[in-house]
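So you can see what is in the structure, the chains are spelled out below.
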Amino acid sequence: LLLLSAASTASLPEDAPQLLTRTLRGASVAPQKAASTAASAGETLPDIQADGVEAVKRWAADRIAVAEQDFSATGGAHVPSPASWAGVVIYHLMPDRFNNGDPSNDDKNVPKEQRDAMANGDLSGGGGLPNWRHGGDIQGIRDRLGYLQDLGVQALWITAMLMHSGGYHGYCTTDLTAVDPGFGSAAELRALVAEAHERNISVVMDVVINHLCDVDTRYVGTPDHEVCAAAMDEAYWTGQQPGASEAGTAGLNFSSAFFPPFRTEAFFNRCGPNSILDTSGNTPAAIFGDFAEGMLDYNTQNSDFQEIFTNLLKYWIAFADVDGFRVDAAKHVTTDFLAYFSTEVRAYAGELGKTDFLVIGEEAGNNETWKAMSLGKMMSDPQNPLVHGEVPKRLTQRLEELRRTYLADPIFPAPGLGSMYNFEMSGSSRDALRCDEPSTQIKDYFGSETQRTLLAQSVPQPSAEPDAHLWTAIEIHDWPRFLNLHPERLDLLLTGVAWLLTAPGAPILYAGIEQGFNGHCPEQISVDNEAQRDTLQEVCDGFAKEDHGSHPDALKRQDMFAHGPFRLGSAVPAVNSTAFVGPFASEAALSRQGAWETDEMLPRDHELYRLVRTLVAFRRSCPALSRGATAFHAASSGNCGLVAFSRFLSVDSAGSLASEPSGDEVVVLINPGGVDGSGEGRLG
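Predicted model only: the values in this text are computed from it and were never measured.

The next point concerns empty space enclosed by the protein. For the largest cavity, the calculated volume is near 70 Å³. In terms of lining, the largest cavity is formed by Leu93, Met94, Arg97, Phe98, Arg481, Tyr510, Ala511, Phe517, Arg557, Gln558 and Met560. Classifying every residue of the lining of the largest cavity by side-chain character gives seven nonpolar, one polar and three charged.

Within the structure shown, the criterion is met by four disulfides. Note that Cys228 is cross-linked by a disulfide to Cys271, the S-S spacing being 1.9 Å. Here the S-S torsion is close to -70°, and the disulfide linking Cys228 with Cys271 is therefore left-handed. Linking Cys228 in helix α9 (residues 225-238) with Cys271 in the loop between β9 (251-253) and α10 (276-280), this pair joins segments that are 43 residues apart in sequence. Taking relative accessible area as the criterion, Cys228 reaches 0% and is therefore assigned buried. By relative accessible area, Cys271 is classed as buried at 0%. Paired through a disulfide, Cys521 and Cys540 show a sulfur-sulfur distance of 2.0 Å. Classification of the bridge connecting Cys521 and Cys540 rests on its S-S torsion, roughly -80°, and on that basis the disulfide is left-handed. Taken together, the residues Cys521 in the loop between β17 (506-510) and α20 (530-540) and Cys540 in helix α20 connect sequence positions 19 residues apart.

Moving on, we come to the sheet that holds strand β16 (residues 471-472). With parallel pairing, eight strands are arranged side by side in an open sheet as β15-β12-β11-β6-β3-β2-β17-β16. Of all the strands in the sheet, just β15 (419-420) and β16 have a single pairing partner and so form its edges. Bridging between strand β6 (residues 202-208) and strand β11 (residues 324-328) involves five bridges; their strand directions are parallel. Looking at the pairing, Met205 lines up with Phe325 of β11. Across the sheet, helix α13 (residues 335-351) is in contact with β11 and β12 (358-361); its angle to β12 comes to roughly 155°.

The relative placement of two aromatic rings is captured by the distance of their centres and the angle of their planes. Summed over the entire model, instances satisfying the criterion amount to 38 aromatic pairs. Ring centres of Phe446 and Trp499 lie 6.5 Å apart, and the angle between their planes is 80°; on these two criteria the pair is classed as edge-to-face. With Phe446 in the loop between α17 (440-445) and α18 (449-455) and Trp499 in helix α19 (residues 490-500), this pair connects stretches of sequence that are 53 residues apart. Residues Phe446 and Trp499 agree in their burial class; the two are buried. Across the ring face of Tyr315, the terminal group of Arg63 is positioned such that the distance to the ring centre comes to 4.0 Å. Directly above the ring of Trp370 sits Lys331, whose terminal nitrogen or CZ lies 5.9 Å from the centroid.

Rules used throughout
- Residues numbered from 1 in each chain as written.
- Predicted model: local features only at pLDDT ≥ 70, side-chain atom pairs only at ≥ 80, totals over all residues.
- Heavy atoms only, no water.
- 1 Å grid on protein atoms, 1.4 Å probe; cavity = no way out; pocket = protein on both sides within 12 Å on 5 of 7 lines; lining within 4 Å.
- Points joined across faces, edges and corners; volume = space filled by probe spheres on them.
- Nonpolar A, V, L, I, M, F, W, Y, C, P; charged D, E, K, R; others polar.
- Disulfide = S-S within 2.5 Å.
- Helix = DSSP H or I, 4+ residues; strand = E, 2+ residues; numbered from the N terminus.
- Buried < 20%, exposed > 50% of the residue type's maximum accessible area, 1.4 Å probe, protein only.
- Pairing = 2+ DSSP bridges.
- Contact = heavy atoms within 4.5 Å.
- Axes fitted to C-alpha atoms, helices over the stretch in contact; angles between N-to-C directions.
- Phe/Tyr/Trp six-rings, centres within 6.5 Å; stacked < 30°, edge-to-face > 60°.
- Lys NZ or Arg CZ within 6 Å of the ring centre and 35° of its normal.

Encoded structure:
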């Protein structure tokens, strides 16, 4: 029996992992123990216009063999996949904001606007300090692997690290063959993965599959956005060959710096930029329009593009030994490409001994049918793709071609994404746990048509429920912080992480959640110039706007390292005392940063960190939590009300994995309103 409330967590003892491993029938289970060479620098890239598509295809395939040889020369062997991705605890970080371990690369690939503003001493120029690069890098992650091991996490999701246009977030990729120098080198990425593996931590690499960036490439003329997207969609659903219709498209005038292997109009849809409504909606523009100006939308139906792109990503499996790909903006590409990419990547990784390589897709929005079409079975019979639901004919055609390959996979005999974010469960739970909605909202998701639609396509991990490997969260880098509207309510965050770490799925711990980050600026901004200070204050005051597109991204992505220029607040007093918004520290100050054990940004003696660490250990020790089923007993009809549920191993998931201990049932009671009987904590 696990009872967690706003009042009860403060008194958790140090030996709580042992005390909490008591299951309903008295079984006790112990926590499991957490147990150089560069990529081709200066590589000459083929130009598809000059060399032709076949030459580019050969080059992309040859690079994989080179990466394999290069990795073999290190004397190591590729690390096998985890025994299971079910229930794995994931730590999610953005390199630029997590830790600056190498100040010497801080000036690499910094946008001109930021350089000019810094040279003029203008912290409000060039997009403003909150939106600048702050210096975090791969070395900074390596320096904190001991901290992550202490926390007990099992996997790292690191946001985009490949060469990009200079923005701190990295999601405007310009070159798929190189690591962004502001983050480090390919050799450092490989070293990071190897060191993580030594600590039994898997690494999931974030890749952008929807667009390529180049601000200097221009449209020739103006595309007819609506006509273009509709024509592309018609071809997609009727199974016409890509390029059969170019209605509404416009030409592209490629810049001299454009990624040469992709410098052809055939690899882009050319429908023009979307509005926010286009991108967030479910119309053809969401797939075929440019994500934003300067982010050119790939023509993912083109089979040559599919082959070259996929091989360029296979390279990073061979070279860096990563364990999975998190595919960004999966909603905005065609399903035939998702099937090809997922199937081919898993098959190749399997050849290296990674027999359960993870391909996890980000599909935001409220259309579960759209998401289901991308996941697992893809609303089709894997054995006979001609038997299917309402899916594009182009998908069916591709599945027929891929069928023999994906059916040969012993763990995942299906074509689609291996996993997906369970955004519906995550979002509804988050609202209730912040006391913004009734607690019944958590319970109502389970057994709903929304849940059934998604899980019907899921291919479960071995001996696990079909939702056990779907990623869950109460905050990520694209959402306002959980405590955004309640910046001092540590009690709410305590119960929020209690739910996250006992609920079904693979829980995401977004960097700083264990330190109580709330996304609020300090009361005083340390900038002397009044006009600049007022501009920065406007960003800080944007916390109250939580709607998509309104809440400043920077407030979701505060610095987590001492001397960072954008260190925001926390509900943990010791961490909150480090808050600072102002000028960059000197390189000398950054170089004096000590070991993680004494880092002022990483205290480990407060109740929130201890609770997270305890529950991670508990989850890892208890198969019912990591891969079991869920049954609700009660949920309050009022806000801040109690939720009671059980996690247990069903008959279908009772098989044992690699000598795991096995308990029968865990009963969890969570009460965001506390246990003093006041307010709306009563059962409805």
